[in-house]
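If you want the building blocks of each chain, they are given just below.
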Amino acid sequence: MSQSRKILARHAGRESLKPGELVEASVDLVLANDITAPLAIEEFEKLGRGKVFDTGKVVLVLDHFTPNRDIASAEQCAFVRRFARQYSVEHFYDGGEVGIEHVLLPEEGLIAPGSLVIGADSHTCTYGALGAFATGMGSTDVGAAMATGKAWFRAPEAIKVNVTGKLRPWSGGKDVILYLIGRLGVDGATYHSLEFVGDGIADISVDGRLTAANMAIEAGAKNGIFGVDLQAVEYLASVGVAAEEQALEPDEYGYTSELDIDLDVLEPQVALPHLPSNAVPVGEAPKVKLDQSVIGSCTNGRMEDMRLAAEVLRGRKVATGVRLIIIPGSPRVYRKSMEEGLFDIYLDAGAVISPPTCGPCLGGHMGILAAGERAISTTNRNFTGRMGHRESEVYLSNPAVAAASAVTGTITDPGELS
Amino acid sequence: MEQFQGRVWLLGDNLDTDVICPGRLLDAPIEEIAEHALESVRPEFRAEVRPGDVIVAGGNFGCGSSREQAPQVLKAMGISCVVAESFGRIFFRSAIAIGLPVLACKDVAGAFADGDTASIDVEKASVTNVAGGAVMSGERLSPEMLEIITRGGILELLKEKTGGAQ
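## Section: the sheet that holds strand β11 (residues 257-262) of chain A
Residues and elements named next belong to chain A.
Point 1. Strand order in the open sheet formed by four strands is β10-β9-β8-β11, and the pairing between neighbours is parallel. Either end of the sheet is taken by a strand with one partner, and the two such strands are β10 (223-226) and β11. Averaged over neighbouring strand pairs, the angle between their axes works out to 20° when direction is ignored.
Point 2. Examined bridge by bridge, strand β8 (residues 158-164) and strand β9 (residues 193-197) share five bridges and lie parallel to one another. Residue A158 lies in a different strand from β9, and its bridge partner there is S193.
Point 3. Here helix α1 (residues 3-11) sits on the sheet in contact with β9 and β10, set at roughly 100° to β10.

Now the structure itself:
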């Protein structure tokens, strides 16, 4: 069985599952944030259960419009805060404990291989990097699951992604996934699980795998999943989760399609407006004038990303007319970046350092674009109007490309900086 | 389940949830989101949409964010049914969960012009252009999905199953 269906079957009390079957399954973790939890809580309360199914398995993170940008967002957070207190939700992240949810939860040791995680956030699929079945849902499904601990699932068909070779300088997990979305299209994996296999994965860090799994949804996938290798076991041990190595098994029902990615020839990718599937090698991206560069988000707000940005920015200055915003994704990433001296490099380069927030990625706050402005961004979506005005543009890239582009003021391959 | 007959809003491919409900409005009440729903592709939508209208769209409708405000706002504005060539799966799932009928039907966008009248039978998964044209067959929803929609959403079904408050 595909790893995704194997996990689903186990949580549904089934020996096996065929693609397409509908099952009700017990979930291990239910997640929501400040923009999706309020609706979920309203639905939860309509059920009148008086308690959440497990106070240790509901996670609430106030990360999207925080630190609160206005009264409406403050009211939403106050509503979620009251709920968390009233129902004794153990994993409630507020104030200085807030990280961007999908950067935060793995660091907090909340994600275990083989677990079934649902979240009212489409990028919940991030956790597949650690061998979990993780997928996004709407607030009503999540509100119901907060009460019942269950949700219905359609068992997914699988697409096999075979990764071989070794990463080139300045390429990483972001380039793997942008290239893959470019190949599949934004709906090429709808309802499917993306099962990442192959000896090339050993060369992709856990941070890079979290980036790749994070954007599985941008190809329409239900989830993306990796096996658990020694590197993953060591990462999990470092956050207090005991795990054993487990490779992905072949799916006896076969794969809808199989794709090969050769890291030996994978160049840094840039997704042009207005779809993540518009991926081209950085050298083929148009030399447009940029107004902003954003480095952070649930896609690229981890330590590897912060270090890559610093490596490019060390001793360099952001181009006149470009605003570089760097967003360490969690309190741990923030502190470590500071301790490693990365903040000095950022500040010397002329960057703004933001507290952990989803802010600009979804056009919320902390870096909104005006009409006609263009940004390069390590975030995950470049839809029309995503980061601000509907006549603005977003180009997606990895952190090294976003940093190099901030330095030159146009889309730039970091390998070409003098 | 009832059948729907309504005026068609014809939309294109890959219409994402940021377009249906801009991210900046995710702390706003549904009435305020409605002021801006679909504004970047159909600025007249707010003023001209009527209760009972249907959306007919190309592939991957509702892709992107999990924000349930997207199906919520369409339902609140009176859209009776969304028929698309395919759906982003979270939108599809959420629409069912809140009792907004959805139907996937291959090549449906090419069978309608904006403003045509569509007749839709969700249970039979059939779609017809009332002005003429063959009956198109979409993908049937499972009995479980149909039941959720018929009850008006998953909450209503759960309440019924558990007898409400415990």
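## Points about empty space enclosed by the protein
Point 1. Using the criterion set out here, one finds three cavities of 30 Å³ or more in the structure.
Point 2. One number sums up the size of the largest cavity: a volume of about 230 Å³.
Point 3. If you go around the largest cavity, you meet 23 residues; those closest to its centre are H64, D121, H123, L362 and R386 of chain A.
Point 4. Of the residues that make up the lining of the largest cavity, three or more belong to each of domain 1 (3-263) and domain 2 (270-416) of chain A.
Point 5. In this structure, the second largest cavity encloses a volume near 100 Å³.
Point 6. Lining the second largest cavity are 13 residues, with I217 and G220 of chain A together with N60, C63 and G64 of chain B positioned closest to its centre.

## Examining the layout of surface pockets
Point 1. Taken as a whole, the largest pocket spans an internal volume of roughly 520 Å³.
Point 2. Contributing to the lining of the largest pocket are 24 residues, with R154 and Y191 of chain A together with F92, A104 and E139 of chain B lying nearest its centre.
Point 3. Looking at the lining of the largest pocket, the elements that each hand over two or more residues are β7 (150-154) of chain A together with α5 (89-97) and β4 (102-104) of chain B.
Point 4. Among the elements that take part in the lining of the largest pocket, α5 of chain B stands out by supplying three residues, more than any other.
Point 5. Counted as a void, the second largest pocket has a volume near 410 Å³.
Point 6. Top element by residues in the lining of the second largest pocket is helix α7 (residues 154-162) of chain B. It accounts for five residues.
Point 7. The class makeup of the residues in the lining of the second largest pocket is 11 nonpolar, two polar and seven charged.

## Some points on the interface of chain A and chain B
Point 1. Contacts between the two partners involve 46 residues from chain A and, on the opposite side, 39 residues from chain B.
Point 2. Viewed at the interface, chain B and chain A are joined by three salt bridges.
Point 3. Between R69 of chain A and D27 of chain B there is a salt bridge; the shortest N-O distance is 2.9 Å.
Point 4. Only α2 (37-47), α3 (71-86), β6 (133-136), α5 (139-148) and β7 of chain A provide two or more residues apiece to the side of chain A that touches chain B.

## A word on the domain arrangement of chain A
Residue and element names in this part refer to chain A.
Point 1. Here chain A is partitioned into domain 1 (3-263) and domain 2 (270-416).
Point 2. Domain 1 and domain 2 are separated by 24 Å when their C-alpha centres are compared.
Point 3. Each side of the interface is counted separately: domain 1 has 38 residues, and domain 2 has 42 residues.
Point 4. Interface area, domain 1 with domain 2, both sides summed: about 3000 Å², of which 60% is carbon and sulfur.
Point 5. Among the residues domain 1 hides against domain 2, the three largest losses belong to I100, W170 and K174. Together they make up 25% of the total.
Point 6. At the junction of domain 1 and domain 2, the tally comes to three salt bridges.
Point 7. Residues E218 and R381 are paired through a salt bridge, measuring 2.9 Å at the closest nitrogen-oxygen approach.
Point 8. Between domain 1 and domain 2 we count 25 residue pairs in polar contact (both at pLDDT 80 or more) in total.
Point 9. Taken together, the elements giving at least two residues each to the side of domain 1 that touches domain 2 come down to α4 (101-107), α6 (173-184) and α7 (206-214).
Point 10. Residues that form the side of domain 1 that touches domain 2 fall into these classes: 14 nonpolar, 15 polar and nine charged.

## Observations regarding the packing of aromatic side chains
Point 1. A complete count under the given rule lists 13 aromatic pairs over all chains for this structure.
Point 2. Geometrically, the ring pair formed by F133 of chain A and F153 of chain A is edge-to-face, given 6.2 Å between the ring centres and 90° between the ring planes. Of this pair, F133 of chain A sits in strand β6 while F153 of chain A sits in strand β7, placing them 20 residues apart in sequence. Judged on exposure class, the residue F133 of chain A and its partner F153 of chain A are both buried.
Point 3. On the basis of an interplanar angle of 45° and a centroid distance of 5.3 Å, the ring pair of F87 of chain B and F92 of chain B is categorised as tilted.
Point 4. Its relative accessible area of 3% is what places F87 of chain B among the buried residues.
Point 5. For F92 of chain B, a relative accessible area of 10% gives the class buried.
Point 6. What links up through ring pairs into an aromatic cluster is the set Y191 of chain A together with F61, F87, F91 and F92 of chain B.
Point 7. A cation sits over an aromatic face here: R69 of chain A above F65 of chain A, 3.9 Å from the ring centre.

Quick notes on the rules
Residues numbered from 1 in each chain as written. Chains lettered and ligands numbered in written order. Predicted model: local features only at pLDDT ≥ 70, side-chain atom pairs only at ≥ 80, totals over all residues. Heavy atoms only, no water. Pairing = 2+ DSSP bridges. Helix = DSSP H or I, 4+ residues; strand = E, 2+ residues; numbered from the N terminus. Axes fitted to C-alpha atoms, helices over the stretch in contact; angles between N-to-C directions. Contact = heavy atoms within 4.5 Å. 1 Å grid on protein atoms, 1.4 Å probe; cavity = no way out; pocket = protein on both sides within 12 Å on 5 of 7 lines; lining within 4 Å. Points joined across faces, edges and corners; volume = space filled by probe spheres on them. Domains from an automatic or database assignment. Nonpolar A, V, L, I, M, F, W, Y, C, P; charged D, E, K, R; others polar. Salt bridge = Lys/Arg side-chain N within 4 Å of Asp/Glu carboxyl O. Buried area = accessible area lost by both parts, 1.4 Å probe. Polar contact = N/O pair within 3.5 Å; in protein donor to acceptor, adjacent residues only side chain to side chain. Phe/Tyr/Trp six-rings, centres within 6.5 Å; stacked < 30°, edge-to-face > 60°. Buried < 20%, exposed > 50% of the residue type's maximum accessible area, 1.4 Å probe, protein only. Lys NZ or Arg CZ within 6 Å of the ring centre and 35° of its normal.

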